[in-house]
Amino acid sequence: MEIKRIMVIGAGQMGSGIAQTAALAGFQTVLHDISFEFANKGLNTIKKSLSKFLEKGKITAEDMEATLGRLQLSDNLENAKNCDIVIEAASEKMEIKSQIFRTLDEVAPAHAILASNTSSLPITELAACTKRPTQVIGMHFMNPVPLMKLVEIIRGLATSDEVYQVIEDLAKQMGKVPVAVNDVPGFVSNRISQVMINEAIWCLYEGVGNPEGIDTIMKLGFNHPMGPLALADLIGLDTVLSILEIMHEGYGDPRYRPCPLLRKYVKAGWLGRKSGRGFYNYEG
């Protein structure tokens with residue numbers, strides 16, 4: 001199966017990054033959100049990102065123009081009818097993703113693959129919302145998508161070998177390194193990273209250190225490019241909380257229990273960079 005046209009659902013941080021990467025790799029790409037206003041915000045994010053690539057000499061002006069020319073905006077899922085694959089990057093909530101997959105199952109062509117960028121939710125459960133479970137798969141990109149090479153590929157219980165191979169090849173065409181993982185809560189990346197982030201929050205909560213100190217220890221002591229609290233702010237504290245809750249419920253293991261300080265910040269609306277305040281202050 002040849003992939004020519006890709007739809008990305010969700011024009012936020014992850015979705016816009018996936019759409020940029022797909023279009024830059026030469027694919028006709030539809031960037032979808034619930035309104036043209038949101039989709040256009042995603043397009044502006046892509047333009048800023050490509051401009052940085054241009055300034056650093058990673059792409060040419062011609063590359064940027066061609067990439068933007070391959071992008072189309074959408075606010076109607078009916079636009080999936082001409083796509084070979086749809087990559088869903090909506091909010092990390094099963095009820096939202098399930099409804100999207102039910103709709104896509106009706107409107108996308110019979111050959112189309114339905115992929116999810118979910119960071120923790122079960123692919124098998126999403127596949128069960130469709131009449132094409134063999135064509136449903138997880139394609140978990142890392143943040144920020146245009147810079148990070150890794151893509152976790154998650155097979156559901158019914159995902160076919162052919163679909164897996166198509167997605168592995170697609171990831172490579174997009175300049176990524178695909179790694180196969182099993183369909184368990186949090187997969188590999190979040191099963192490890194979110195526990196580290198949660199433990200860093202516990203250290204802050206218990207007064208073991210301040211945010212700068214905790215992050216500096218992890219950067220200089222373990223050669224991490226970014227400390228766990230700064231990483232949580234980048235991901236979004238609401239997303240971190242959601243992932244931990246999914247793993248806590250899925251495994252029933254207390255090591256995944258979210259720190260009360262994380263819940264407190266989320267309830268306060270301190271969600272990290274996207275809200276201007278998290279473990280660090282980004283206002284202004």
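Predicted model, so just to flag it, every value in this text is computed and none were measured.

Rules of the game
Every chain's residues receive numbers from 1 upward, in the order its sequence appears when written. Given that the model is predicted, a residue must reach a pLDDT of at least 70 before its local features are reported, and side-chain atom pairs must reach 80 or more before they are shown or counted; all residues, however, enter totals for whole chains, interfaces and linings. Just so you know, side-chain values use all the structure's heavy atoms and leave hydrogens and water out. Strands are runs of DSSP state E lasting at least two residues, helices are runs of H or I lasting at least four, and both sets are numbered from the N terminus onward. In this setup the radius of gyration rests on C-alpha atoms only. A globule is expected at 2.2 Å times the number of residues raised to 0.38. Three labels apply to residues, based on accessible area from a 1.4 Å probe with only protein chains included: buried if under 20% of the type maximum, exposed if over 50%, partly exposed otherwise in between. Should any heavy atoms of two residues lie within 4.5 Å, those residues are considered in contact. The sign given to each residue is positive for Lys and Arg and negative for Asp and Glu; His and the chain ends receive no count. We put the charge of a Lys on NZ, of an Arg on CZ, of an Asp on CG and of a Glu on CD. Salt bridges are identified by distance alone: a Lys or Arg side-chain nitrogen within 4 Å of an Asp or Glu carboxyl oxygen. Strands pair, by our definition, only if DSSP identifies at least two bridges between them. Only C-alpha atoms enter the line fits that serve as axes; for helices the fit covers just the stretch in contact. Angles between N-to-C directions range over 0 to 180 degrees. UniProt positions are given in the numbering used here, feature names are shortened, and annotations may be inferred rather than shown by experiment. What qualifies as a polar contact is a pair of N or O atoms within 3.5 Å, subject to a donor-acceptor requirement within protein and to the restriction that residues adjacent in sequence count only when both atoms come from side chains.

Draft legend 1. Expanded view of the overall build of the protein. Along its length, the protein carries eleven helices and eight strands. For a compact globule of 284 residues, the expected C-alpha radius of gyration is about 19 Å, and the protein comes in at 19 Å, within 12% of that figure. Principal-axis analysis of the C-alpha atoms gives the protein an extent of 55 × 45 × 30 Å. Buried residues in the protein amount to 50% of all 284 residues. For the protein, long-range pairs separated by at least 24 residues make up 67% of all intrachain contacts whose partners lie at least 6 apart in sequence. Taking the average place of the 29 positive charges on the side chains of the protein and the average place of its 32 negative ones, the gap between the two points comes to 3 Å.

Draft legend 2. View of the pattern of salt bridges. By the definition in use, this model includes eight salt bridges. Note that Asp-161 is salt-bridged to Arg-155, the shortest N-O span being 2.5 Å. On the accessibility criterion, Asp-161 (57% relative accessible area) is exposed. Residues Glu-168 and Lys-172 are paired through a salt bridge, measuring 4.0 Å at the closest nitrogen-oxygen approach. Linking Glu-168 with Lys-172, this pair stays in helix 6 (residues 161-173), spanning four residues, or about one helical turn. On the basis of relative accessibility, which here comes to 16%, the residue Glu-168 falls in the buried class. Among the ionic contacts, a cluster of salt bridges with common partners joins Glu-88, Glu-92 and Lys-97.

Draft legend 3. A look at the sheet that holds strand 4 (residues 85-88). Strand order in the open sheet formed by eight strands is 3-2-1-4-5-6-7-8, with mixed pairing between adjacent strands. One side of each edge strand has no neighbouring strand; the edge strands of this open sheet are strand 3 (71-74) and strand 8 (177-181). Neighbour-to-neighbour, the strand axes of the sheet open up by a mean angle of 25°, direction not taken into account. Seen against the sheet, helix 2 (residues 36-55) touches strand 2 (28-32) and strand 3 and runs at an angle of roughly 155° to strand 3. Contacts from helix 4 (residues 94-107) reach strand 1 (5-9), strand 4, strand 5 (113-116) and strand 6 (136-141), with the element oriented near 170° to strand 5.

Draft legend 4. Summary view of the UniProt feature "binding site: NAD(+)" (unreviewed entry) in the protein. Those residues carrying the UniProt feature "binding site: NAD(+)" (unreviewed entry) are Gly-10, Ala-11, Gly-12, Gln-13, Met-14, Gly-15, Asp-33, Glu-92, Lys-97, Ser-119, Asn-143 and Lys-274 in this numbering. You can see Glu-92 is positioned in the loop between strand 4 and helix 4. Judged by its relative accessible area of 14%, Glu-92 is buried. A polar contact of 3.0 Å, which involves the side chain of Glu-92, links it to the backbone nitrogen of Ser-119. Looking at Lys-274, the relative accessible area reads 55%, which means it is exposed. Residues contacting Lys-274, with those up to four places away along its chain left out, are Gly-236, Asp-238 and Thr-239. A distance of 2.9 Å separates a polar atom in the side chain of Lys-274 from a polar atom in the side chain of Asp-238.

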